[in-house]
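One-letter residues, chain by chain:
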Amino acid sequence: MAKLHLHHLAELRASAIADKIMRANFRSSGGADVFEWLTEHRAAAFGGHAAQYATGIVKALVYRMRPVAAGGGWQFRGLDPVNGWQRMAWGCYKPDQPRCERKRIQGGHYVDTAKRIKYEHPEGAPTRAFFCDLAPTDPTIGRDYWQQVKNDPSVPIVINEGAKKTAATMSAGYAAIGLPGVSMWNIPGTQQLIPELELFATEGRDVYICFDQDTKLKTRRAVTWEIIKLSSALRRAKCKVYVTQWNPAMGKGVDDLIVNHGADAFHTAYVQSVRAEVLSVQRQSQLTFNPNWVAPAGVQYLTDAGLVDAIPTDEKLVCIRAGKGTGKTEVIKHIADRARGRDQRMLVIVHRVRLAEAIADRIDVLSIYEVIGEKGEERRNKLAEVSANGMTLCAHSCHPDSQAQFRADDWQDDIVVIDEATQVLWDVLSTSILKGKRVSILKELQQLLAGVLSKTTTGRLFLLDADLDNIAVNGVRSIAGQPDIRPWVAMSNYRQNSYDALVHKKAEAWLLDAEEALSQGKRLLVMTDTQQLNSKFSSSMLEKRWKKHFPGLRILRVDSDTLETMGHEAYGCIREANTVFVNYDVVICSPSVETGVILDLQGHFEKVYGHFSGILSENSVRQSLARLREPVPRVIFAATMGNRVAMTAKGETFWQEIIEGQHQVAGAILKELAGASINDLGVLLPSALEVWARYAARDNAAKLVYRETIMAQLRIEGQTVTEAEEPDD
């Protein structure tokens, strides 16, 4: 390449680009050559007979580009992987005198804006990628290097945005491919990688996406969405995709990071990169509505922070996102007390029967399941109490043919609370046990939501969840047929006392760890998701094993069998768990106590052990680990990948693809929802399908990198997470 002017040389050196990379790829340029290079593709499109119709367009092109080229600038042209690694005809030009961005105004005219276009590329030419040459005098060095990278999928690649950042990353010793923009990775109108990327997207290759760390929220969201789409395309090519991030205060771009803190800072960010699936889960778990109320820093309980008084009495839709241990159930109790003062009842909907029973005890209303089991005068008295004060129930019972005989019309002027809202929606839309009842439940829920949110009723809706997200809020609004209703949002960023979590990669190592603790006389709370009776990690097999090896231990098994077996020590113990569990050295729990049980006992259990084989969602895993409020150490086994059977649509992570892909795994629920009469469901059909598909996509993303997602989400909660030093399973 030609020589660089001193000011261009200074600029490129200030971006941490090595001299040999700089001189092999950049040159100072301008004038007629650059003008022709920038315009020849666009002008060629109007050649021949089309030229007589293109006079105005060509004049506009000349008007825009001639001063840009005449003012000079630097030009980047790297190597071309689809043309024998010759010098690429396409490239990038940074003018010293950039033109203004233009916008269209009324009447079809264009005007200049204050924003400048920093980089130019040949107009009308297909998008390409930047590949740096390595030596200014020997063309074989760069060609041989890139050919070796292409042929060897064990060599990781970094994808940057922009020529300078790509050159800076190459200068730091990494194989870097550059895009002209974060959204320019695909062939227009498709989700297919551009040919240059496709050459390197080979099975087993690690790919690191390294874009700018913007501080503007809108830009961050847009960039994250492009990362998710790009990573999905790379994953379809069977690459392992990582996202490299760092504190934006250290520098916006990778070149800024290296200049400010050295190449070691980038290396640290590189080795700490997270799997792209984790980023996808985190993005889809956000609640991005501007909060109307935020709990003061350091205040744990929402009632102490003044939330109950802060909620306006005329708000129809109230959304509360607050972490575990902030007293959300106490807020429900206060809301119920105030509702009684206005002659309104409280209806609390949850996703588990036992959770309905537990909340009923704490807010002084009946669970519908206390009524169902009664007869005669006692039943009439309890029905009268429900009629006066309200009730709690599981969403599975929200249809007229259930034992609860639920009818939405009965509750449209009352206070409706959906606790653990994200799990309620996902459970209703996905659990297989509701087959044949799902449409009936959805119809009643739609009628209920539409009624309480209507301006013609006095009803109000409260959504509560530690992980309340956009999917739930938007889904509820859409299902209710009121997508534009404004939610009143309360948030608390309080994190309860953090615990230390040790994560094992091997299930056997986890078991040895637990048995070492037992041999030392430690009292353990054990959570397991394994349901196969013949697995050594199921609740029953762990109980059997430990009774044999530790005959003096007092062991209580709490699962669906023991909870329902009259005469068993665990029978009905959930409601009295705090007083029952202290009588045992080891309590082994199945997902039956995933939610609905708050263990406030102090000084009894010395460790919590969690075995998670990939059946539960990552959210449910964290719920299980949080049942004991005391911050004793947690020791966890989590599978590398979630159970394939527990995934939807073969692990697809885009909700649109789940709906459109006609996957057999997703087919049952798709057919059940889509086969329902449009006249019956109306607006509910597309709304319910979208909520289901969005949650399925998020759950799939989490299960594809199950252990990593769990660890990342625990760290976001504020837990201290350490991986055990042992080989991968």
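Since the structure is predicted, the reported quantities are computational estimates derived from the model, not experimental observations. (Residues numbered from 1 in each chain as written. Predicted model: local features only at pLDDT ≥ 70, side-chain atom pairs only at ≥ 80, totals over all residues. Heavy atoms only, no water.)

A. The arrangement of the pairing of strand β21 (residues 488-492) in detail. Burial analysis of β21 places five of its five residues in the buried class, the great majority of the element. Of the two faces of β21, the one lined by W488, A490 and S492 and the one lined by V489 and M491 are each fully buried. With two bridges connecting them, strand β14 (residues 293-294) and β21 associate as parallel partners. Paired with V294 across the strands is M491, a residue of β21. (Buried < 20%, exposed > 50% of the residue type's maximum accessible area, 1.4 Å probe, protein only. Helix = DSSP H or I, 4+ residues; strand = E, 2+ residues; numbered from the N terminus. Pairing = 2+ DSSP bridges.)

B. Geometry of the confidence of the model for the chain. The pLDDT averaged across the chain works out to 89; a share of 92% of its residues lies at or above 70. Counted against residues more than four places away or in other chains, residues 48-52, with its pLDDT under 50, gives two contacts. (pLDDT = per-residue confidence, 0-100. Contact = heavy atoms within 4.5 Å.)

C. The arrangement of the packing of aromatic side chains in detail. Scanning the entire structure with this criterion turns up 21 aromatic pairs. Consider the rings of W510 and Y609, whose centres lie 6.0 Å apart with planes at 70°: the pair is edge-to-face. Of the two residues, W510 is situated in helix α20 (residues 507-519) and Y609 in strand β26 (residues 607-612); the sequence distance between them amounts to 99 residues. Residue classification places Y609 among the buried residues on the basis of a relative accessible area of 0%. Ring pairing ties together the aromatic residues F26, W74, F76, W90, Y119 and F130, which thus form one cluster. In this structure, R275 is placed above the aromatic ring of Y242, and the distance from its NZ or CZ to the ring centre is 5.5 Å. (Phe/Tyr/Trp six-rings, centres within 6.5 Å; stacked < 30°, edge-to-face > 60°. Lys NZ or Arg CZ within 6 Å of the ring centre and 35° of its normal.)

D. Structural context of the sheet that holds strand β2 (residues 73-76). The strand order across the open sheet built from three strands is β1-β2-β5, with neighbouring strands paired in antiparallel fashion. Here the strands that pair on one side only, and so sit at the sheet edges, are β1 (26-29) and β5 (92-95). Across the sheet, the mean angle from the axis of one strand to that of its neighbour is 25°, orientation sign disregarded. Relative to the sheet, helix α1 (residues 6-13) contacts β1, β2 and β5, its axis offset from that of β2 by approximately 55°. Its contacts with the sheet put helix α3 (residues 32-44) on β1, β2 and β5, and the angle it makes with β5 is roughly 125°. (Axes fitted to C-alpha atoms, helices over the stretch in contact; angles between N-to-C directions.)

E. Highlighting the environment of I555. Note on placement: I555 falls in strand β24 (residues 555-558). It is 6.1 Å that separates the C-alpha atoms of I555 and D585, two residues lying 30 residues apart in sequence. Excluding its chain neighbours within four sequence positions, the residues that come into contact with I555 are E543, W546, K547, E569, Y584, V586 and I588.

F. Inspection of the packing of helix α17 (residues 421-430) against helix α18 (residues 438-453) at higher detail. Where α17 meets α18, the axes come as close as 9 Å, and the angle between the chain directions of the two elements is 145°. In this structure, α17 uses D427, V428, L429 and S430 to contact α18, whose residues at the interface are R438, I441, L442 and L445. Class assignment for the residues of the contact of α17 with α18 results in five nonpolar, one polar and two charged. (Nonpolar A, V, L, I, M, F, W, Y, C, P; charged D, E, K, R; others polar.)

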